[in-house]
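Here's the letter readout for the chains.
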Amino acid sequence: EEMTPEERAFQERIDADQKIEPKEWMPEGYRKTLVRQISQHAHSELVGQLPEGNWITRAPTLERKAILLAKVQDEAGHGLYLYCAAETLGISRDEMFEQLHSGKAKYSSIFNYPTLTWADIGAVGWLVDGAAIMNQVPLQRTSYGPYARAMVRICKEESFHQRQGFHIMMKMASGSEAQKRMAQDALNRFWYPSLMMFGPSDKDSVHSAQSMAWKIKINTNDELRQKFVDQTVPQAKYLGLTVPDEAVQWNEEKGGHDFSEPDWDEFFSVLAGNGPCNKERLQARVDAWDGGEWFRDGLMANAAKNKNTSEE
Ligand code: 3HC
């Protein structure tokens with residue numbers, strides 16, 4: 001398809017690495033893609049609080065409780081920056097919540113897996129936040145200004161999250177035999193779901209080509225997955241743990257590790273709502289929304305009252 005002069009001028013700005021700001025002209029597809037990606041990212045931050053919140057009361061020490069509580073609060077903050085960034089594109093927060101609660105909008109597949117032991121909280125920080133950073137550091141250079149700027153702060157906090165997870169893993173992996181077994185079991189269960197976070201393989205990624213042309217995405221899904229494996233395999237070795245994939249091996253020629261693809265049938269099944277915790281996660285969000293209704297109503301009533309008073 002031929003580009004219109006407006007579209008061509010827009011693409012030239014993107015190609016020159018100029019940031020696009022909220023009130024500026026943009027192609028409808030660019031706006032829609034951003035709303036989809038940013039809102040799904042925001043939803044992931046909120047739903048991502050659930051598997052970890054599950055362990056706040058059971059963290060082994062007061063210090064671990066305080067750290068985990070702070071981390072889960074950070075995720076809420078990330079959600080808020082991202083909802084704000086999406087709102088600048090002309091969608092309301094109510095609409096985005098409606099899309100999440102009705103199952104229309106996605107959130108990251110990873111949060112549909114359970115956190116069964118304390119070591120899982122280590123694995124989530126190490127692997128899940130590690131994968132999130134791998135994906136989000138390049139997004140600091142994404143073409144949409146508000147999204148890029150939100151990502152700067154989010155990445156700083158994610159780095160702290162990743163380190164706290166790795167620290168839990170270090171403790172567990174160098175602890176008793178039983179603790180070491182728990183650490184290995186957590187790695188076994190979170191390895192492939194973490195690889196799935198980067199999205200389907202490039203040949204099945206419907207949005208990548210256009211999103212990369214618009215610099216909404218900077219790398220392909222497979223590029224980031226490879227970088228993640230290359231970063232994580234030596235870390236597992238340092239911990240004395242084994243990545244649950246016999247195909248993992250350094251490949252001198254390609255300058256990266258060989259590894260097995262995740263089970264893509266499982267991935268698409270989780271996306272379709274059939275992962276181990278999909279129903280529970282969505283229900284928790286819907287309950288939180290319904291449970292907060294009295295509070296929202298109270299705020300609105302109070303705002304209306306103040307408005308009437310000030311108009312008198
Ligand atoms: N989970 C759920 N859905 C996924 C997915 C995953 N891991 N990977 C891909 N999908 C979906 C896509 O949303 C798309 O569906 P849609 O058309 O209904 O939206 C479909 O699968 C096809 O995938 P594509 O590769 O074509 O989609 P994208 O170009 O959007 O790429 C992405 C997927 C790499 C996840 C990209 O959207 C992205 O970079 N998003 C921003 C980062 C993000 O959302 N991260 C969430 C991670 S968790 C997190 O940040 C919380 C942390 O604090 C723990």
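Structural data are supplied above this passage.
Residues numbered from 1 in each chain as written. Predicted model: local features only at pLDDT ≥ 70, side-chain atom pairs only at ≥ 80, totals over all residues. Heavy atoms only, no water.

## Topic: a negative patch on the surface
On the surface, Asp287, Asp290, Glu293 and Asp297 cluster together into a negatively charged patch. Summarising the element assignment, Asp287 is placed in helix α12 (residues 278-291). The exposure class of Asp287 is partly exposed, given its relative accessible area of 43%. (Patch = residues over 30% accessible without salt bridge, like charges linked within 9 Å, V, L, I, M, F, W, Y side chains within 5 Å. Areas by Shrake-Rupley, 256 points an atom, 1.4 Å probe, with all protein chains shown as cover. Salt bridge = Lys/Arg side-chain N within 4 Å of Asp/Glu carboxyl O. Lys, Arg positive; Asp, Glu negative; His and termini not counted. Charge placed at Lys NZ, Arg CZ, Asp CG, Glu CD. Helix = DSSP H or I, 4+ residues; strand = E, 2+ residues; numbered from the N terminus. Buried < 20%, exposed > 50% of the residue type's maximum accessible area, 1.4 Å probe, protein only.)

## Remarks on the nonpolar core
Across soluble globular proteins, nonpolar side chains have a tendency to be buried as a group. Membership of the largest hydrophobic core comes to 41 residues, with the highest contact counts inside it found for Trp118 and Trp126. Secondary structure elements with two or more residues in this core: α4 (62-87), α6 (118-139), α7 (145-173), α8 (177-196) and α10 (221-239). Sorting elements by how many residues they give to this core places α6 first, with 10 residues. Residues within four places of Trp118 in sequence aside, it is in contact with Trp55, Ala59, Pro60, Arg64, Leu68, Ile168, Met172 and Met182. The next biggest cluster of nonpolar side chains, apart from the first, holds 26 residues, and it includes Ile20, Leu34, Ala42 and Leu89. (Core = buried A, V, L, I, M, F, W, Y, C linked by side-chain atoms within 4.5 Å. Contact = heavy atoms within 4.5 Å.)

## Observations regarding the side chain of Lys71
With respect to the element layout, Lys71 can be found in helix α4. Judged by its relative accessible area of 0%, Lys71 falls in the buried class. In contact with Lys71, other than residues within four places in its own chain, are Glu52, Asp129, His161 and Gln164.

## Notes on the packing of α4 against helix α5 (residues 93-101)
Running from amino to carboxyl end, α4 crosses α5 at an angle of 115°, the nearest separation of the two axes being 10 Å. Put simply, α4 runs roughly perpendicular to α5. Taken as a pair, α4 and α5 cross one another with a handedness that is right-handed. Between α4, through Leu80, Tyr83, Cys84, Ala86 and Glu87, and α5, the contact on the second element is made entirely by Arg93, Met96 and Phe97. (Axes fitted to C-alpha atoms, helices over the stretch in contact; angles between N-to-C directions. Parallel < 35°, antiparallel > 145°, perpendicular 65-115°, else oblique. Left-handed = near helix turned anticlockwise from the far one by under 90°.)

## Considerations on the pattern of salt bridges
Going through the model one piece at a time under the given rule, you end up with 15 salt bridges. Between Asp222 and Arg225 there is a salt bridge whose closest N-O contact spans 2.7 Å. On the criterion of helical spacing, the pair formed by Asp222 and Arg225 is a turn pair, its members being 3 residues apart in helix α10.

## Topic: α6
If you check α6, its first and last C-alpha atoms are 31 Å apart, about what 22 residues at 1.5 Å a residue would give, namely 32 Å. Of all the bends in α6, the greatest, near 30°, is centred on Val124. Extensive coverage of α6 is indicated by the burial of 20 of its 22 residues. Where α6 begins, one side-chain oxygen reaches toward the backbone nitrogen of Ala119, 3.2 Å away; that side chain belongs to Thr117. (Expected span 1.5 Å × (residues − 1). Bend = angle between axes of the 7 residues up to and from the residue. Polar contact = N/O pair within 3.5 Å; in protein donor to acceptor, adjacent residues only side chain to side chain.)

## Brief notes about the site of the ligand
Around the ligand, the structure places 30 residues, and the nearest of them are Lys106, Glu158, Ser205, His207 and Lys217. Between the ligand and His41 there is a distance of 3.4 Å, counted from an oxygen atom to a side-chain nitrogen or oxygen. Interatomic distance of 3.0 Å between a side-chain N/O atom of Glu45 and an oxygen atom of the ligand. In isolation the ligand has 1,000 Å² of accessible area, and contact with the protein removes 89% of it. When each cavity is represented as a set of grid points, the ligand is found to reside in the largest pocket. Considering each element in turn, the shell around the ligand owes the most residues, 6 residues, to helix α2 (residues 28-47). Here the shell around the ligand is composed, by residue class, of 11 nonpolar, 12 polar and 7 charged. (Near = heavy atom within 4 Å. 1 Å grid on protein atoms, 1.4 Å probe; cavity = no way out; pocket = protein on both sides within 12 Å on 5 of 7 lines; lining within 4 Å. Sits in = over half its atoms within 2 Å of the grid points. Nonpolar A, V, L, I, M, F, W, Y, C, P; charged D, E, K, R; others polar.)

All quantities given are derived from atomic positions and should not be read as evidence of function.
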